[in-house]
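# Examination of the molecular architecture
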Amino acid sequence: MKLRIKGDSVRLRLARTEVRNLLEAGVVEEATRFPGGAQLRCVLSTGRGASGVAAAFDGGTLTVSLPQDVARRWGTSEDVEIRATLPLDGGALELLIEKDFPCLTVRPGEDDSDAFPRDRLLPDP
C-alpha cells in the first residue's frame, strides 16, 4: 500500500494482491519504521456495519475504514477509486483510495509487478 499525504488529503494506492486481501480478510496494513523505534502504521479495513468511509489517527496509526459493500463493489469492478470527504473543524479531509497502476516512467527500484494492468482494470481471478 502506498500512502501520500498532502495538506488535508490522504491517498492510498493498493496493488492487486492488497485489493484481494482487503476483500478476503477485510484488512490491509503497512508500516514504516523510523530511527529510534517509532513507526507509522496505515490500516485499511472493511466492516459490515460501517455506514460510510471513516478515518482516524491515533498513536502513530492511520486507520481508514470502508463499508464492506463499497469495498467489494470497487474491488471487483473496473472502478479505479473511492473518494470521500470528511468534515474537519474549518475544512475537510479528502480521502482517495485507488488501485495502483504502473508508473508511466520507469523508475529504478520501483516494482510494478503487482500493479493493475493499464489495459485491464479487473484483478486476476
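In this text, all values refer to a predicted model and were calculated from it rather than measured experimentally.

Moving on, we get to the sheet that holds strand β6 (residues 61–67). Strands sit in the order β3-β4-β6-β5 across an open sheet of 4 strands; the sheet is mixed. What marks the edges here is a single partner per strand, and that holds for β3 (27–33) and β5 (54–58). Averaged over neighbouring strand pairs, the angle between their axes works out to 10° when direction is ignored. As judged from the 7 bridges shared by strand β4 (residues 39–47) and β6, these two strands associate in the parallel manner. From the neighbouring strand, G47 faces β6, where its bridge partner is P67. Against the sheet, helix α1 (residues 16–25) makes contact with β3, β4 and β6, and its axis sits at roughly 125° relative to β3, the strand it touches most. Strands β4 and β6 of the sheet are contacted by helix α2 (residues 68–75), whose axis makes an angle of about 85° with β6.

Where strand β1 (residues 2–6) meets strand β2 (residues 9–14), 5 bridges bridge the pair, whose relative direction is antiparallel. Among the inter-strand pairings, L3 is bridged to a residue of β2, identified as L12. Following β1, the chain reverses through 2 residues before pairing antiparallel with β2; G7 in that reversal takes a positive phi of roughly 55°.

This paragraph deals with the side chain of T61. Tracing the sequence through the fold places T61 in strand β6. If near-sequence neighbours (up to four positions away) are discounted, T61 is found in contact with R41, V43 and A56.

Under the defined criterion, the tally for this structure stands at 0 aromatic pairs. Positioned above the aromatic ring of W74 is the side chain of K99, whose terminal nitrogen or guanidinium carbon lies 5.7 Å from the ring centre.

Let us look at the sheet that holds β2. Across the sheet, which stays open at both edges, the 4 strands sit in the order β1-β2-β8-β7 with mixed pairing between neighbours. Looking at the sheet topology across the chains shown, the edges are occupied by β1 and β7 (81–88). Direction aside, the axes of adjacent strands within the sheet are offset by 15° on average. Alignment of β7 against strand β8 (residues 91–99), held across 8 bridges, turns out to be antiparallel. In the sheet register, L88 faces β8, and the bridge partner there is G91. In the packing of α2 onto the sheet, contacts are made with β2, β7 and β8, and the angle to β8 comes to roughly 45°.

Analysis parameters
Residues numbered from 1 in each chain as written. Predicted model: local features only at pLDDT ≥ 70, side-chain atom pairs only at ≥ 80, totals over all residues. Heavy atoms only, no water. Pairing = 2+ DSSP bridges. Helix = DSSP H or I, 4+ residues; strand = E, 2+ residues; numbered from the N terminus. Axes fitted to C-alpha atoms, helices over the stretch in contact; angles between N-to-C directions. Contact = heavy atoms within 4.5 Å. Phe/Tyr/Trp six-rings, centres within 6.5 Å; stacked < 30°, edge-to-face > 60°. Lys NZ or Arg CZ within 6 Å of the ring centre and 35° of its normal.

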